[in-house]
Amino acid sequence: MATRRLIWVDVGMAVAAGCAIALFVFGRNSDNFVPMMIAFIVAVVVWAFVAELAAIKAEAAELEPTWNAEAPINTEPLWH
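Residues numbered from 1 in each chain as written. Predicted model: local features only at pLDDT ≥ 70, side-chain atom pairs only at ≥ 80, totals over all residues. Heavy atoms only, no water.

A. Quick peek at the packing of aromatic side chains. As enumerated under the stated definition, the model contains 2 aromatic pairs in all. Between the aromatic rings of Trp 8 and Trp 47, the centroid separation amounts to 5.5 Å while the plane-to-plane angle is 85 degrees, which identifies the pairing as edge-to-face. With Trp 8 in helix H1 (residues 7-27) and Trp 47 in helix H2 (residues 33-67), this residue pair connects regions lying 39 residues apart in the sequence. Aromatic pair Phe 24 and Phe 33: ring centres 6.0 Å apart, planes at 55 degrees, arrangement tilted. Since its relative accessible area comes to 18%, Phe 33 is described here as buried. (Phe/Tyr/Trp six-rings, centres within 6.5 Å; stacked < 30°, edge-to-face > 60°. Helix = DSSP H or I, 4+ residues; strand = E, 2+ residues; numbered from the N terminus. Buried < 20%, exposed > 50% of the residue type's maximum accessible area, 1.4 Å probe, protein only.)

Below you can see the structure in the form of structure tokens.
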């Protein structure tokens, strides 16, 4: 069974970490530092929601054959 690759999520988070480091190193003495950091935080939050939605869809696509299986349901009690 082929699984959906979500490498773009990991690449995006690595880019976000690099951008945070660049903002701290090169932008901390700028007059625009606070607005840039607010925009960066908003972008990371949006990215997290998009990545989570993609992960949920990928898991649903991976488990979809299991949900539609015509297997009999075991109704016998489990004895421990």
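B. Layout of the nonpolar core. Of all hydrophobic cores here, the largest spans 6 residues; its members are Ala 16, Ala 20, Leu 23, Phe 33, Met 37 and Phe 40. Those elements that place two or more of their residues in this core are H1 and H2. (Core = buried A, V, L, I, M, F, W, Y, C linked by side-chain atoms within 4.5 Å.)

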